[in-house]
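Examining the three-dimensional arrangement
What follows is the residue order along each chain.
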Amino acid sequence: MKTNHQPASRGKLARAREMIRDGLSPGRRYAVERISAEAALRASELRFRQTFELAGSGMAHVGLDDRFLRVNRKLCEMLGYSAAELIGRSVKDFSHPKDIGITDAGRDRVRQKKDASARFEKRYLRKDGSAIWVSLTVALACDSAGNPEYDIAVLEDITGRMDQFKRIERLTRVYAVLSGINALIVRVGSRAELYHEACRIAVDEGRFTKAWIGVIEPGSGALKVVATRGNAARFFKRLEAKLNRNVPRGEGIIACALREGRPAIANDIANDPRVLEKADATGSGSRALVVLPLEISSAAAGVLVLHADAVGFFDADEMKLLVELAGDVSFALAHIERSEKVTHLGLYDQLTGLANRTLFLERLHQSLHTAGQGQTKVAVALLDVERLHTINESLGRQAGDAVLKQLAERLAESAGSTEVGRITSDQFAVKFEAMNGRSEMARTVEAMVRKCLAAPFSVHGTQLRLAVKAGISQFPAHGAEAELLLRKAEAALRKAKETGEKWTFYTRDLTERTSDPLTLENKLRHALEKDEFVLHYQPKVDLATGAIAGAEALIRWQSPELGLVPPLKFIPLMEETGMILDVGAWALAKAVADHARWVGRGLVTPRVAVNVSAIQLRKNDFLATIRQAIGRGPNPPGIDLEITESLVMQDIEGNIRKLKEVRELGMSIAIDDFGTGYSSLAYLAKLPVQTLKIDRSFVITMLNDPDVMTLVQTIISLAHSLRLKVVAEGVDSNEQAQMLRLLRCDEMQGYLYSKPVPFEAMAALLQARAHAA
């Protein structure tokens with residue numbers, strides 16, 4: 001049985017309507033209407049209270065004095081207070097201290113009826129002390145006359161959304177740091193620059209409160225602070241003393257991270273017993289920190305420590321990025337170490353530790369520049385150790401090496417280590433500055449030689465006496481360039497050997513440097529006129545497949561009198577006289593034509609590389625010459641360029657610009673003789689090159705010299721890390737080829753596969769390879 005319950009107000013309304021239909025008097029009708037209006041008002045108030053109480057959002061009526069007048073159930077749940085605890089109290093009593101003033105300006109505009117409503121995001125404090133984020137909308141309630149009565153506030157809990165936003169913001173900051181570090185790796189030139197830039201990026205871009213790097217000192221195991229960033233001078237000042245006291249003993253969170261080789265997190269510094277410097281850290285604004293170990297060759301090298309200003313800052317997602325960050329910094333450290341090793345092996349003689357020819361000339365160049373400004377004189381003495389081959393043959397190569405090491409030590413002690421270089425296997429160069437004339441130069445050189453040779457050299461219990469010959473040149477009388485002065489000293493040394501004198505000054509009447517070059521120069525000019533130059537081609541072979549991957553064009557002089565003359569006999573003189581410009585342009589055009597002929601025969605033709613000299617690259621019309629030559633061949637061109645390492649480093653910015661334009665023409669660029677010059681890793685990463693060619697001198701000796709083997713391995717690793725291809729020159733044996741395969745070298749070039757051959761012989765090789773495939 002169903003029962004319908006009608007609200008009392010609706011019953012009264014129904015009766016009032018019946019009375020009206022029955023024709024009530026005006027007085028009775030007014031009373032009925034009043035009853036109806038009151039009933040409707042009570043029904044409206046009931047609906048409002050139900051809506052207010054049961055709303056899914058927090059709601060409140062706030063008086064004009066900012067005190068709660070009415071609150072709903074949802075708001076009480078959000079803040080953790082009962083209605084009685086909220087009503088009558090100021091809204092500011094529950095606002096977060098940093099957000100108290102957030103609503104004032106907007107609320108005032110609403111009360112002045114300038115805005116219908118205002119919306120804010122702010123924090124409130126719950127009864128348990130925790131903070132919640134709310135989206136607050138405020139509107140004004142007015143009486144029938146339009147006067148403000150109270151504010152209507154609607155609050156939505158957005159704590160989860162704000163936490164997610166902050167998390168994304170933190171990850172974005174870490175991504176910015178990661179991106180900055182990755183960009184830093186390819187341009188950084190030293191450890192110090194890496195350390196300081198990494199800390200700067202972490203604080204300035206990642207907005208960590210503090211960042212610092214400490215490295216482990218060999219022997220003591222102490223941690224030395226090498227870079228810091230953040231406004232915490234007192235913290236950093238006291239940090240190193242605590243590290244030196246605790247880290248070597250294995251105490252604290254940093255020692256723990258180093259010992260275990262993995263990151264260590266303190267998400268609440270104030271309550272983490274592992275943080276030994278907690279008072280200093282919290283006093284400088286840190287609330288959480290992470291210690292990221294840095295490694296080189298899987299061994300602990302130091303730590304990167306990042307501080308944050310919020311408890312619980314480091315979560316799992318952020319740690320994934322920070323672990324990657326530490327790995328990138330470690331990679332950069334290893335990269336720099338390899339680069340420094342390459343630089344050292346490329347600039348210093350491995351036996352004696354003295355500067356090699358390249359570094360000696362670099363230092364001499366700097367001295368000549370200084371001397372030119374001060375109008376002082378500089379002398380270069382080239383010393384030749386006599387009968388060294390006799391010692392090697394009689395006592396063995398090790399005995400000869402021991403003698404050279406002892407002589408190098410004496411020369412370095414007498415003249416200063418930065419003034420001496422080992423130029424060849426048995427020759428040393430010494431630089432003397434501020435010389436007043438030939439007499440002083442001669443006395444100085446003779447006194448130094450006498451001092452170095454006075455005592456016998458002891459080798460395996462045998463006492464040996466040495467003798468040397470010396471050739472001397474001077475600046476500015478004999479030249480203003482380092483290479484030229486050294487060549488003049490070599491000429492003087494040859495004269496000393498012929499005459500038997502202990503030392504000889506360079507003079508202009510030394511026919512070794514006049515008549516012969518003049519005769520050769522005349523012959524070369526005739527050769528250029530009579531088209532006596534030819535190109536031979538030496539294949540480059542893929543070490544993995546054995547296929548011909550390219551070829552290098554090598555110029556030869558087919559002299560009617562001298563036969564086939566190798567380039568070392570005439571290229572230096574052509575560069576000195578400027579003839580290399582015409583011959584270089586001819587070689588480029590000839591290589592384009594030969595490549596087109598192979599293509600025309602239907603052969604699978606590899607790319608052909610042509611060498612470029614320093615004089616060619618320096619010319620303003622270099623690019624025009626390139627365009628003219630390749631314009632006669634197919635498009636895109638099948639021609640590439642090879643440039644020596646030392647040449648690349650001259651006018652580096654200008655060369656980068658020119659080589660980029662060469663790349664835009666569709667040509668690739670290789671750095672030839674890599675390892676013998678003085679390259680900067682930062683510039684090497686910027687150069688538009690695709691290939692490094694390891695100098696043949698390293699390939700020939702790598703199987704017998706561990707240091708050279710390390711150099712070759714390092715060059716290959718360095719090149720691959722820069723996404724460059726590696727070609728090894730001078731491969732003459734299967735053992736060398738097998739070792740290069742193990743070292744993951746890409747290609748080889750040498751007599752093991754083929755010597756340089758003329759055009760038709762190269763065509764036959766390509767044809768044979770096509771049949772074999």
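Concerning the overall build of the protein chain
Scanning the protein chain from terminus to terminus reveals 28 helices and 26 strands. Burial statistics for the protein chain: of 773 residues in total, 46% are counted as buried. Restricting the contact set of the protein chain to residue pairs at least 6 apart, pairs at least 24 apart contribute 61%. Carbon and sulfur atoms make up 51% of the accessible area of the protein chain, which amounts to about 38,400 Å² in all.

What to know about empty space enclosed by the protein
Rolled over the atoms, a probe with the dimensions of a water molecule shows which regions are left empty. According to the stated counting rule, one finds five cavities of 30 Å³ or more in the structure shown. Its volume calculated, the largest cavity comes out at about 210 Å³. Around the largest cavity sit 19 residues that line it, and Val62, Val91, Thr103, Tyr124 and Leu136 are the ones nearest its centre. Of all the secondary structure elements, the ones that give two or more residues to the lining of the largest cavity are strand S1 (58-63), helix H5 (104-111), strand S3 (117-125), strand S4 (131-142) and strand S5 (148-157). Of the residues assigned to the lining of the largest cavity, the class counts are 10 nonpolar, two polar and seven charged.

Here's the deal with the sheet that holds strand S10 (residues 299-308)
Strand order in this open sheet of five strands is S7-S6-S10-S9-S8, and the pairing throughout is antiparallel. Each having just a single partner strand, strand S7 (223-229) and strand S8 (264-266) make up the two edges of the open sheet. Neighbour to neighbour, the strand axes of the sheet diverge by 20° on average, direction disregarded. When S8 meets strand S9 (residues 288-296), the two strands line up antiparallel, connected through three bridges. Within the sheet, the bridge partner assigned to Ala264 lies in S9 and is Val291. Running over the sheet, helix H8 (residues 233-246) touches strand S6 (210-216), S7 and S10 and is turned about 160° from S7.

Some remarks on the side chain of Arg410
On the secondary structure map, Arg410 appears in helix H14 (residues 397-415). Of the side chains with opposite charge, Glu409 lies nearest to the buried Arg410, which makes no salt bridge, at 6.9 Å. In this structure, Arg410 is in contact with Cys452, Leu453, Ala455, Pro456 and Phe457, ignoring residues within four places of it in sequence.

Notes on the packing of helix H12 (residues 357-374) against helix H16 (residues 482-499)
Viewed as axis vectors pointing N to C, H12 and H16 meet at an angle of 115°, and their least axial separation amounts to 8 Å. Our classification of the angle between H12 and H16 gives roughly perpendicular. For H12 against H16, the interelement crossing comes out right-handed. Touching Arg357, Leu361, Leu364, His365 and Leu368 of H12 are Ala482, Glu483, Leu485, Leu486 and Glu490, all from H16. Broken down by class, the residue content of the contact of H12 with H16 amounts to six nonpolar, one polar and three charged.

Considering the nonpolar core
If you look at the biggest cluster of nonpolar residues, it comprises 79 residues, and the most contacted ones within it are Phe533, Phe570, Met574, Trp598, Val712 and Leu740. Sort the elements by how many residues they give to this core and helix H26 (residues 706-721) lands first, with eight residues. With sequence-adjacent residues up to four places away left out, Leu740 is seen in contact with Leu543, Val699, Met702, Val712, Ala728, Val731 and Cys745. If you look at the next biggest cluster of nonpolar residues, it comprises 37 residues, including Leu294, Ala326, Val329 and Ile336.

A short note on helix H15 (residues 438-453)
Its 16 residues place the ends of H15 22 Å apart at the C-alpha level, agreeing with the 22 Å of an ideal helix rising 1.5 Å per residue. Taken as a whole, H15 has its buried residues at Met441, Ala442, Val445, Met448, Val449, Cys452 and Leu453. One side of H15 carries all its buried residues, which in axial view fall inside an arc of 140°. Within H15, the exposed residues directed more than 90 degrees away from the buried face are Ser439, Arg443, Arg450 and Lys451.

Some thoughts on the pattern of salt bridges
Scanning the model with the defined rule gives 31 salt bridges in all. When the shortest N-O distance is used, the salt bridge between Glu483 and Arg357 registers 3.1 Å. Of the two residues, Glu483 is situated in helix H16 and Arg357 in helix H12; the sequence distance between them amounts to 126 residues. A single salt-bridge network, built from bridges that share partners, covers Lys540, Glu552, Glu642, Lys693 and Glu729.

Some words on the packing of aromatic side chains
Evaluated as defined, the whole model comprises 11 aromatic pairs. Ring geometry for Trp503 against Phe505: centres 5.7 Å apart, planes inclined by 90°, an arrangement best described as edge-to-face. By relative accessible area, which is 28% here, Trp503 ends up partly exposed. The exposure class of Phe505 is buried, given its relative accessible area of 5%. A centroid spacing of 5.0 Å and a plane angle of 5° characterise the contact between Trp598 and Phe759, whose relative ring orientation is stacked. Here Trp598 is found in helix H19 (residues 580-600), whereas its partner Phe759 is found in helix H28 (residues 759-772), with 161 residues between them in sequence. Connected via pairs of aromatic rings, a cluster forms that spans Phe68, Tyr81 and Phe94. A cation over a ring is seen here: Lys210 above Phe235, with NZ or CZ 5.2 Å from the ring centre.

Quick look at the environment of Met78
Considering the arrangement of structural elements, one finds Met78 in helix H3 (residues 73-79). Owing to a relative accessible area of 7%, Met78 belongs among the buried residues under this scheme. Through-space distance from the C-alpha of Met78 to that of Arg126 is 7.5 Å; in sequence the pair is 48 residues apart. Beyond its immediate chain neighbours, meaning those up to four positions away, Met78 contacts Gly58, Arg126, Ile132, Val134, Leu155, Glu156 and Asp157.

Comments concerning the packing of H19 against helix H21 (residues 622-630)
The contact between H19 and H21 brings their axes to 9 Å, and the two run at 30°. In terms of axis orientation, H19 runs roughly parallel to H21. Considering only the axes of H19 and H21, their crossing is right-handed. For the pair H19 and H21, contact is made by Ala585, Leu588, Ala589 and Val592 and by Thr625, Ile626, Ala629 and Ile630, respectively. Here the residues of the contact of H19 with H21 sort into seven nonpolar, one polar and no charged.

Each value, and the rule that gives it
Residues numbered from 1 in each chain as written. Predicted model: local features only at pLDDT ≥ 70, side-chain atom pairs only at ≥ 80, totals over all residues. Heavy atoms only, no water. Helix = DSSP H or I, 4+ residues; strand = E, 2+ residues; numbered from the N terminus. Buried < 20%, exposed > 50% of the residue type's maximum accessible area, 1.4 Å probe, protein only. Contact = heavy atoms within 4.5 Å. Areas by Shrake-Rupley, 256 points an atom, 1.4 Å probe, with all protein chains shown as cover. 1 Å grid on protein atoms, 1.4 Å probe; cavity = no way out; pocket = protein on both sides within 12 Å on 5 of 7 lines; lining within 4 Å. Points joined across faces, edges and corners; volume = space filled by probe spheres on them. Nonpolar A, V, L, I, M, F, W, Y, C, P; charged D, E, K, R; others polar. Pairing = 2+ DSSP bridges. Axes fitted to C-alpha atoms, helices over the stretch in contact; angles between N-to-C directions. Lys, Arg positive; Asp, Glu negative; His and termini not counted. Salt bridge = Lys/Arg side-chain N within 4 Å of Asp/Glu carboxyl O. Parallel < 35°, antiparallel > 145°, perpendicular 65-115°, else oblique. Left-handed = near helix turned anticlockwise from the far one by under 90°. Core = buried A, V, L, I, M, F, W, Y, C linked by side-chain atoms within 4.5 Å. Expected span 1.5 Å × (residues − 1). Arc of directions from axis to C-beta. Phe/Tyr/Trp six-rings, centres within 6.5 Å; stacked < 30°, edge-to-face > 60°. Lys NZ or Arg CZ within 6 Å of the ring centre and 35° of its normal.

Taken by themselves, the reported measurements are silent on function.
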